[in-house]
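As a plain string of letters, each chain reads:
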Amino acid sequence: VGHVVNNEAVAAAVAHHGMPISVVADASSFPAIYEILRQQREAWGVSIIAWRNLRGIFGVLHRREMLGLLIDWGYRSDGIPVRIFGAWTALPAGPATLAAKTRSRILPITIRRQPDDTFHVSWPGPIDVASPDPAELYRATQAMADALAATIAAAPDQWYSFKPMWPSSAEEAADLERRATLMQAGVPDPGPAPEFA
């Protein structure tokens, strides 16, 4: 999912219907806020996992439970290069990599607030990741980027992005395109050029 409307309400509704769901959160930047969120989410039946707790993350996926991941945390050059609204950026490598390693499916979720203040939740269809091959990781991550862009385009006023989503220069965008071309050819992502790392 992206930072669109109210992810918390949707996760709580999933848990309320008896489906196990966990979400990943940053435990390092603001530990006090993380603890408040953990207590709040657990009161709703939603488990929270610190983003560095790989054992916990893999455990959820191996049990075939839902794992909520936000993919629009702002631009970071070390992600997988993708295009959103026609411009080069990068999304986290984690979702596609985890899906490939655990044979899990990625389900992009669209949440939209309706005029009556209810939420409409939908999804365009699952994204399967057949292997950890660079071209496959690129394809799956671009599919997530396309789903995110469609969600934002349908209701841009409901997207609350906290950080810039695109690189700050044309040169860095060109470096992302270079990396994407390599990945599409099956070459592992070499990462950003030193000046953009």
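Everything below is about the structure printed above this text.
Source: prediction; values computed, not measured. (Residues numbered from 1 in each chain as written. Predicted model: local features only at pLDDT ≥ 70, side-chain atom pairs only at ≥ 80, totals over all residues. Heavy atoms only, no water.)

S.K.: I keep staring at the pairing of strand E2 (residues 47-50) and nothing clicks. Help me out?
M.R.: Within a regular strand, the side chains alternate between the two sheet faces. Bridge count between strand E1 (residues 21-25) and E2: four bridges; the pairing is parallel. Of the residues in E2, the one forming a bridge with valine 23 is isoleucine 48. Remark: the E1/helix H2 (residues 31-43)/E2 crossover connection has right-handed handedness. (Pairing = 2+ DSSP bridges. Helix = DSSP H or I, 4+ residues; strand = E, 2+ residues; numbered from the N terminus. Right-handed = clockwise from strand over helix to strand, strands pointing away.)

S.K.: What exactly am I supposed to notice about the nonpolar core here?
M.R.: In a soluble, globular protein the nonpolar side chains are often hidden away together inside. The biggest cluster of nonpolar side chains holds 27 residues, and the ones touching the most others in it are Ile84, Trp88, Leu91, Ile106, Val129, Leu137 and Tyr138. Residue assignment for this core shows that the elements contributing at least two residues are strand E4 (80-84), strand E5 (87-91), helix H4 (94-102), helix H5 (134-154) and helix H6 (170-184). If one sorts the elements of this core by residue count, H5 sits on top with eight residues. The contacts of tryptophan 88, once residues within four sequence positions are left out, are Pro81, Val82, Arg83, Tyr138, Trp166, Pro167, Ala173, Leu176, Glu177 and Ala180. Counting residues in each nonpolar core, the second largest holds nine residues, with Val14, Tyr34, Val46 and Ile48 among its members. (Core = buried A, V, L, I, M, F, W, Y, C linked by side-chain atoms within 4.5 Å. Buried < 20%, exposed > 50% of the residue type's maximum accessible area, 1.4 Å probe, protein only. Contact = heavy atoms within 4.5 Å.)

S.K.: Sorry, what's going on with the packing of H5 against H6 here?
M.R.: Remark: H5 packs on H6, axes separated minimally by 7 Å, with the N-to-C direction vectors making an angle of 120°. The angle between H5 and H6 places the two elements in the oblique class. Residues Pro134, Ala135, Leu137 and Tyr138 of H5 pack against Ala180, Met183 and Gln184 of H6. Looking at the contact of H5 with H6 residue by residue, the class counts come to six nonpolar, one polar and no charged. (Axes fitted to C-alpha atoms, helices over the stretch in contact; angles between N-to-C directions. Parallel < 35°, antiparallel > 145°, perpendicular 65-115°, else oblique. Nonpolar A, V, L, I, M, F, W, Y, C, P; charged D, E, K, R; others polar.)

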